[in-house]
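# Commentary on secondary and tertiary structure
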Amino acid sequence: MSRAALLLLADGRFPAGGHAHSGGVEAAVAHGAVHDTDSLEAFCRGRLHTTGLTMAGLAAAAAGGHDPLLLDDAADARTPAPALRAAARRLGRQMLRAARATFPSAELEHLATARPQGAHQPIVLGLAARAAGLAPVDAAYAAVYENIGGPATAAVRLLSLDPLDASGLLARLGPEIDDVAAAAADAATRAMTEGIDALPSASSPLLDITAEQHAAWTVRLFAS
Amino acid sequence: MSPSSRLASARATSDLDVPPAGAQEPAGHPDGVRATARIRAAHNGRVTTLPQLRSDGPFHLRRMRTDGNAATVGIIGAMSAPLGGDRLTLDITAEDRAELEVITAAATLALRGPTTEAATYDVRLTAGEHAHLLWLPQPLISAAGSNLRQTYTVELAATSRFVLREEQVLGRADEEPGHIVSRILVHRAGRPLLDQQTAYGAPEPGWDGPAVLNRHRAVGQLLVVDPRVHVRRGPILLGEGIKDGCAVLAPLANGPALLATAVAPTTSILRELLDEAHAHAFTR
């Protein structure tokens, strides 16, 4: 494997469109639930252990060679909010375009043909990691990091926080990121023998509810 | 109450559905109750019948009424459960064309019990072709010090109709909740329709924060699967803001299904939101 490929995949400058999404933090800021660095850290921790774990499990399973179309169904079942399904597929479509150019593979081409409207983003991320020769746990790390790095960056813009504080909180969450990525990779291994239901489905009621509230806004800075 | 007296009271309040003493007491945690209650509804060509109604442990089953073609079964708590270490299973099946509604007489209260080990509470719900199955229990209360793993495993045939309402109250009045991990896994015609796990209470990281519950203490869902409901419309938002309780009703991806998810400061507001969602779900 090439460790450099992991840096490229996890880099916010990788042209996959993630910067347009706030991971629910724009809605949380509007509700006053996130208003400073501490509440942002609590938000990121909650997200990390819910959708972060679920997305990382899907990414690790895709990187490990699970059928990406079955994983796409599993992602739908784990994403009851239509706004979040739409965002995941839009991000998946953008990442697929970038990944096909960066890490060409027959599996990515096949997915592009089978899901012209886009597959869920973590599955594309996992397949891209696979094409780059990375391990499932690497894909899990990239998914988890993006899952909380995105909201942290968005909150800096929304609340004019000190970017150094945001970096600090991401560093403090480091050990939990390790735990979540390892748990996701373990589950992906189990799913090989036990079936796809062994993948995590951790969820958060507020992220689902506020995603739909946010989608109904007429003016918003972020797409989700 | 000691484990032995809990079992004794279960025997005293259960009826002939319970096997005679001496033929039971399956292995489990030494301090826990192990029980599997079963409800099977069938359709005899005219009405729904109940060929199997097997009470066990804390689940005392009672046929409530027959309303036209449908049967209603009430679950009456025969002992305090679930307590730590208990292994409880409810196995509920509506066979082809049967119409079955299952309710509980009172809220289910998860308590600490004699051990800090988790209790398990598995509810298996199966609906055959053209069957109609409704699971409408009273809320589940996670009391301080309790530890519960709840699992819903739902298998639906393509033409079945299904309603599930699930309400969780985190702590009795002004107490911290116990630890409750709950998963709902629904397959319809062999495909995954819904798979969600929630985990609340210490030691879960971030559960009370702005991304998960934001200090709400009542949380619930209403799932409606019905080939006849209109699921093409957009999501419906209920409640204002997030402080006083709010919900969304929206279509799922892989079937004719609507899911309402609600959070609220109290159980009465939660029920109002879910009732409102229910009314919207069945409005044409």
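It should be emphasised that the depicted structure is a prediction, and the values quoted were computed from it without experimental measurement. (Residues numbered from 1 in each chain as written. Chains lettered and ligands numbered in written order. Predicted model: local features only at pLDDT ≥ 70, side-chain atom pairs only at ≥ 80, totals over all residues. Heavy atoms only, no water.)

The next subject is the overall build of chain B. The secondary structure content of chain B amounts to 2 helices and 18 strands. In chain B, which comprises 284 residues, the proportion classed as buried is 55%. Within chain B, residue pairs in contact and separated by at least 24 positions form 70% of the contacts whose partners lie at least 6 positions apart. On chain B, roughly 11500 Å² of surface is accessible, and the fraction owed to carbon and sulfur atoms is 51%. (Helix = DSSP H or I, 4+ residues; strand = E, 2+ residues; numbered from the N terminus. Buried < 20%, exposed > 50% of the residue type's maximum accessible area, 1.4 Å probe, protein only. Contact = heavy atoms within 4.5 Å. Areas by Shrake-Rupley, 256 points an atom, 1.4 Å probe, with all protein chains shown as cover.)

With that out of the way, let us pick up helix H9 (residues 163–172) of chain A. Residues and elements named next belong to chain A. Taken residue by residue, H9 has Ala166, Leu169 and Leu170 as its buried positions. Down the axis of H9, the buried set is contained in an arc of 100°. They therefore lie on one face. For H9, the exposed residues lying more than 90 degrees away from the buried face are Leu164 and Ala171. Where H9 is buried, its residues contact helix H3 (37–63), helix H8 (136–159) and helix H10 (174–194). Near the N-terminus of H9, the side chain that reaches the backbone nitrogen of leucine 164, with its oxygen 2.8 Å away, is that of aspartate 162. (Arc of directions from axis to C-beta. Polar contact = N/O pair within 3.5 Å; in protein donor to acceptor, adjacent residues only side chain to side chain.)

So, on to the packing of H3 of chain A against H10 of chain A. Residues and elements named next belong to chain A. Packing of H3 against H10 brings their axes to within 8 Å, and their N-to-C directions diverge by 35°. Seen from above, H3 lies across H10 with right-handed handedness. On H10, the residues that touch Arg45, Leu48, His49, Gly52, Leu53, Ala56, Gly57, Ala60 and Ala61 of H3 are Glu176, Ile177, Val180, Ala183, Ala184, Ala185 and Ala188. Among the residues forming the contact of H3 with H10, the class breakdown is 11 nonpolar, 3 polar and 2 charged. (Axes fitted to C-alpha atoms, helices over the stretch in contact; angles between N-to-C directions. Left-handed = near helix turned anticlockwise from the far one by under 90°. Nonpolar A, V, L, I, M, F, W, Y, C, P; charged D, E, K, R; others polar.)

Now for empty space enclosed by the protein. Within this structure, the stated rule accounts for 4 cavities of 30 Å³ or more. Its volume calculated, the largest cavity comes out at about 220 Å³. If you go around the largest cavity, you meet 19 residues; those closest to its centre are Glu166, Gln168, Ser182, Thr198 and Gln221 of chain B. Listing elements by their share of the lining of the largest cavity, those giving two or more residues are helix H11 (205–215) of chain A together with strand E11 (147–156), strand E12 (161–170), strand E13 (179–188), strand E14 (191–200) and strand E15 (218–225) of chain B. When its volume is computed, the second largest cavity comes out at roughly 70 Å³. The wall of the second largest cavity is formed by Thr108, Tyr121, Trp135, Pro137, Gln138, Pro139, Leu140, Gln150, Tyr152, Glu166 and Glu167 of chain B. (1 Å grid on protein atoms, 1.4 Å probe; cavity = no way out; pocket = protein on both sides within 12 Å on 5 of 7 lines; lining within 4 Å. Points joined across faces, edges and corners; volume = space filled by probe spheres on them.)

Turning to the interface of chain B and chain A, a few remarks are in order. Across the boundary between the two partners, chain B contributes 37 residues, which contact 35 residues of chain A. Between chain B and chain A, a total of about 2800 Å² is buried, with carbon and sulfur atoms accounting for 63% of that surface. Remark: the boundary between chain B and chain A carries 2 salt bridges. Among the salt bridges present, the one from aspartate 73 of chain A reaches arginine 191 of chain B, with a minimum N-O distance of 2.9 Å. Remark: the boundary between chain B and chain A carries 14 residue pairs in polar contact (both at pLDDT 80 or more). Elements with a minimum of two residues in the side of chain B that touches chain A: E13, E14, strand E17 (246–251) and strand E18 (257–264) of chain B. Its residues assigned to classes, the side of chain B that touches chain A shows 24 nonpolar, 9 polar and 4 charged. (Buried area = accessible area lost by both parts, 1.4 Å probe. Salt bridge = Lys/Arg side-chain N within 4 Å of Asp/Glu carboxyl O.)

Turning our eyes to something else, we now look at the packing of H8 of chain A against H10 of chain A. Residues and elements named next belong to chain A. At a closest axis distance of 8 Å, the pairing of H8 and H10 adopts a crossing angle of 135°. Comparing the axis directions of H8 and H10 gives the class oblique. Taken as a pair, H8 and H10 cross one another with a handedness that is right-handed. In contact with Val137, Ala140, Tyr141, Val144 and Ile148 of H8, H10 contributes Ile177, Asp178, Val180, Ala181, Ala184 and Ala185. (Parallel < 35°, antiparallel > 145°, perpendicular 65-115°, else oblique.)

Further remarks concern helix H6 (residues 106–114) of chain A. All names here are of chain A. The set of residues buried in H6 consists of Leu108, Leu111 and Ala112. The buried residues of H6 occupy an angular sector of 100° when the element is viewed end-on, so they sit on one face. Of the residues in H6, the exposed ones pointing more than 90 degrees away from the buried face are Ala106 and Thr113.

Before going further, it helps to spend a moment on the sheet that holds strand E5 (residues 87–94) of chain B. Residues and elements named next belong to chain B. Taken together, the 7 strands give an open sheet; going across it, the order is E2-E1-E5-E8-E11-E13-E14, and neighbouring strands pair in mixed fashion. Of all strands in the sheet, those bounded by a partner on one side alone are strand E2 (48–54) and E14. Taking each pair of neighbouring strands and ignoring which way they run, the sheet shows an average axis angle of 10°. Taken together, the 8 bridges between E5 and strand E8 (residues 119–127) define a ladder with parallel strand orientation. Counterpart to leucine 88 in the pairing with E8 is tyrosine 121. (Pairing = 2+ DSSP bridges.)

Once that is clear, we can look at the pattern of salt bridges. A full pass over the atoms with the stated rule returns 22 salt bridges over all chains. A salt bridge links arginine 130 of chain A to glutamate 107 of chain A; the nearest nitrogen and oxygen atoms lie 2.9 Å apart. Residue arginine 130 of chain A is located in helix H7 (residues 121–131), and its partner glutamate 107 of chain A is located in helix H6; the two are separated by 23 residues in the primary sequence. Residue arginine 130 of chain A is classed as partly exposed on the basis of its relative accessible area, which comes to 33%. For glutamate 107 of chain A, a relative accessible area of 35% gives the class partly exposed. The partner of arginine 228 of chain B in a salt bridge is aspartate 226 of chain B, and the shortest N-O contact between them spans 3.8 Å. Residue classification places aspartate 226 of chain B among the buried residues on the basis of a relative accessible area of 5%. Overlapping salt bridges bring together Glu41, Arg45, Arg172 and Glu176 of chain A as one network.

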